[in-house]
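# Fold and contact review
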Amino acid sequence: MISFGLEEDQQIIQETVRKFAGEELRPKMRELERSGVPDALRRRFDETGLGLEEVDLPTAVLVHEELAFGDPGAAVALSAPYDGARAIAILADDSQKDRLANGTVAVCWSERKAPLEGFSTVARRVGGGWALTGRKAFVVGGGHVDRHLVFAQLEGAEGWDGIGAFVVDKGSPGLKAGEKHALLGLEAVGAYEVHLEGCVVEDVNRLTGTGEFHERVERLFARTMLVNAARQVGLARAAYEFALQYTQERKAFGKPVAHFQSIAFTLADMAMDVEAARWMVWRAATQLDKGSWASTVAAAAHANEAAWRVADNGVQLLGGAGYVRDYPVEKWLRDTKALALFAPPSEIAELALAGVELGQPVSTGLPSSAIQPFFT
Ligand SMILES: Cc1cc2nc3c(=O)[nH]c(=O)nc-3n(C[C@H](O)[C@H](O)[C@H](O)COP(=O)(O)OP(=O)(O)OC[C@H]3O[C@@H](n4cnc5c(N)ncnc54)[C@H](O)[C@@H]3O)c2cc1C
């Protein structure tokens with residue numbers, strides 16, 4: 001059965017988060033851009049239960065679209081710590097899930113200096129645990145959350161088959177926040193370097209091993225792609241609706257600029273982009289919930305392109321007003337670029353999609369030596 005409607009409880013959740021985003025995020029987007037998300041706002045978000053609740057993916061994408069419609073930066077800042085806890089839940093075994101998959105979590109994957117395969121951050125065996133040493137970059141909430149999910153190269157094991165995931169609690173000796181990154185867009189997220197200097201983690205806080213571990217990373221990245229695609233839909237909708245209103249109010253040469261054919265056609269293109277991106281995300285959410293990620297990579301690749309086009313047109317249709325900070329469209333253009341770089345960046349979604357179409361063995365997860373000789 002094909003259904004294009006929402007269930008009643010989904011409508012209620014959508015309305016709740018739309019109200020929160022409309023009242024708490026959109027009016028404060030410039031302030032949040034400067035100051036980041038304050039604790040009081042985080043608490044109000046927590047009170048809605050929208051970050052912590054274990055909702056299914058078709059419902060989660062509704063939440064992420066609405067939050068990003070309010071403000072993409074705040075949307076990431078508010079939800080990333082809970083997405084981090086879900087990442088632990090995906091990678092952990094059953095006994096670890098209850099103990100570790102809670103609180104706010106920063107995902108420490110990226111590095112400025114990485115080897116050809118795997119990570120430069122290393123995990124060395126010490127007694128009944130591991131000592132982590134290295135530097136992670138671009139970590140949302142890094143050093144400021146309850147837990148860090150750190151990916152590292154296991155001592156003596158090379159490449160992507162030799163990596164491990166570790167949970168490091170706040171205040172652990174040897175872990176500290178480094179420099180805060182100055183960003184082009186999405187400033188509200190607060191992204192930091194994370195320094196690990198012989199930070200000791202007990203064996204029970206290492207999340208599983210190889211083999212099945214790869215499949216879990218694949219699931220984690222597919223989910224991240226989908227959530228991010230939903231954010232791109234929210235951002236694109238925001239830019240489209242703003243341009244739609246502005247071009248009807250702004251008059252030039254005797255009529256609203258929306259009534260010039262070139263502007264009207266651009267608005268129609270923007271509407272199509274938003275609508276198509278949303279349907280692709282919704283469909284992908286139902287498929288991914290059943291374990292298939294092929295629609296997710298298509299939705300993610302398309303949402304990144306569609307949001308860029310819409311945000312770019314948003315600036316263009318406002319003319320000079322599009323380029324000044326009195327209006328939000330310039331911000332959405334900067335923000336959409338950041339979302340397209342998120343783990344994994346849009347090239348990886350396109351690579352995975354091309355692999356599906358060409359019948360090649362690809363994954364949304366770790367790079368595989370099997371695919372690189374094909375896609376050169
Ligand atoms: C605002 C923001 C917040 C972020 N938050 C986090 C966070 O919380 N935690 C975290 O760990 N990271 C975070 N990141 C980092 C982000 O996940 C990475 O920047 C992203 O995964 C790309 O990795 P990279 O920067 O190492 O790029 P590189 O891997 O150096 O890639 C450079 C270019 O090559 C392309 N490329 C790389 N590999 C392939 C391939 N196999 N096939 C085709 N193309 C390829 C990439 O798409 C990119 O265009 C954040 C980034 C931003 C901008």
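The paragraphs below set out a description of the structure included in this document.

So, how was this worked out
- Residues numbered from 1 in each chain as written.
- Predicted model: local features only at pLDDT ≥ 70, side-chain atom pairs only at ≥ 80, totals over all residues.
- Heavy atoms only, no water.
- Salt bridge = Lys/Arg side-chain N within 4 Å of Asp/Glu carboxyl O.
- Helix = DSSP H or I, 4+ residues; strand = E, 2+ residues; numbered from the N terminus.
- Buried < 20%, exposed > 50% of the residue type's maximum accessible area, 1.4 Å probe, protein only.
- Axes fitted to C-alpha atoms, helices over the stretch in contact; angles between N-to-C directions.
- Left-handed = near helix turned anticlockwise from the far one by under 90°.
- Contact = heavy atoms within 4.5 Å.
- Parallel < 35°, antiparallel > 145°, perpendicular 65-115°, else oblique.

Turning next to the pattern of salt bridges. Throughout the structure, instances matching the rule amount to 29 salt bridges. In this structure, the salt-bridge partner of R30 is E33, at a minimum N-O distance of 3.0 Å. Separated by 3 residues within a single helix, R30 and E33 lie in helix α2 (residues 29–35), roughly one turn from each other. A salt bridge links E33 to R334; its shortest N-O distance comes to 2.8 Å. Pair noted here: E33 is in helix α2 and R334 is in helix α10 (residues 329–341), with a separation of 301 residues, a long-range link. E33 gets classed as buried once you look at its relative accessible area, which sits at 10%. Ionic contacts of the salt-bridge type, sharing partners, join the residues R18, E65, E66, R237, E241, E275 and R278 into one network.

This part covers the packing of helix α4 (residues 57–70) against helix α8 (residues 261–289). Following both chains from N to C, one finds α4 and α8 inclined at 145°, their axes separated by 8 Å at the closest point. With respect to the hand of their crossing, α4 and α8 are arranged in right-handed fashion. Contacts between α4 and α8 involve L57, P58, V61, L62 and E65 on the former and, on the latter, R278, V281, W282, A285, T286, L288 and D289.

Turning our attention to unusual backbone geometry. Although it is not a glycine, F138 sits at a positive phi angle of roughly 60°. Among the structural elements, F138 can be located in strand β3 (residues 129–140). Of note, the phi angle at L186 is positive, near 55°, even though the residue is not glycine. Tracing the backbone through its elements, the reader meets L186 in the loop between β6 (175–180) and β7 (191–202).

Viewed as axis vectors pointing N to C, helix α3 (residues 39–48) and helix α5 (residues 72–91) meet at an angle of 60°, and their least axial separation amounts to 10 Å. One way to sum up the angle between α3 and α5 is to call them oblique. Considering the relative orientation of α3 and α5, their crossing is right-handed. Between α3 and α5, the contacting residues are L41, R42, F45 and D46 on the first element and A77, L78, P81 and Y82 on the second.

Purely geometric numbers; function is a separate question.
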